[in-house]
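# Residue-level structural notes
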Amino acid sequence: NKRTLRMAPSRSGGEHYHRLYLDNEDLEALNNNQQVTKTSSRGNMHTHELVIERGAGTDEFIVISCDGNTNPPTCSHDHPGLRME
């Protein structure tokens, strides 16, 4: 019951993307309205640290922070969103 999420391609810092791998423990925490911190796969020689949660009553995953940026939760390489693969 694992899930792979993909960060949308960067709009700056070169065309690249990252994946997040969620295991059963992550999914259980998200389903219980908890936040999960994950480090992305390496892309363009770097990773991102994301804090995510699940949208209320949806299968959507919401980025709360990326690399410590919370307001708004923008990545330094401007990856606009997160979706299931």
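Keep in mind that what you see is a predicted model, and the values were worked out from it rather than measured. (Residues numbered from 1 in each chain as written. Predicted model: local features only at pLDDT ≥ 70, side-chain atom pairs only at ≥ 80, totals over all residues. Heavy atoms only, no water.)

Let us now look at the confidence of the model for the protein. With 96% of its residues at a pLDDT of 70 or more, the protein has an overall mean of 87. In the model of the protein, strand 6 (residues 82–84) stands out as the element of lowest mean pLDDT, 78, in contrast to strand 3 (residues 36–39), which has the highest, 96. (pLDDT = per-residue confidence, 0-100. Helix = DSSP H or I, 4+ residues; strand = E, 2+ residues; numbered from the N terminus.)

What follows is about the environment of M45. In this fold, M45 is placed in the loop between strand 3 and strand 4 (49–54). For M45, a relative accessible area of 75% translates into the label exposed. Residues M45 and L5, spaced 40 residues apart in sequence, show a C-alpha to C-alpha distance of 19 Å. (Buried < 20%, exposed > 50% of the residue type's maximum accessible area, 1.4 Å probe, protein only.)

What follows concerns the sheet that holds strand 2 (residues 19–22). The three strands lie next to each other as 2-1-6, forming an open sheet whose pairing is antiparallel. Strands with a single pairing partner mark the edges of an open sheet, and in this sheet they are strand 2 and strand 6. Averaged over neighbouring strand pairs, the angle between their axes works out to 30° when direction is ignored. In this structure, strand 1 (residues 3–7) lies alongside strand 2, joined through four bridges in antiparallel fashion. Note on strand 2: the bridge partner recorded for T4 is Y21. Lying over the sheet, helix 1 (residues 24–31) contacts strand 1 and strand 2, oriented at roughly 85° with respect to strand 2. (Pairing = 2+ DSSP bridges. Axes fitted to C-alpha atoms, helices over the stretch in contact; angles between N-to-C directions. Contact = heavy atoms within 4.5 Å.)

The next point concerns unusual backbone geometry. In this structure, N33 is a non-glycine residue whose phi angle is positive, near 60°. With respect to the helices and strands, N33 occurs in the loop between helix 1 and strand 3. Look at N33 and you get exposed, because its relative accessible area is 71%. Positive phi is not limited to glycine here, since D67 has a value of about 55°. With relative accessibility at 35%, the residue D67 sits in the partly exposed group.

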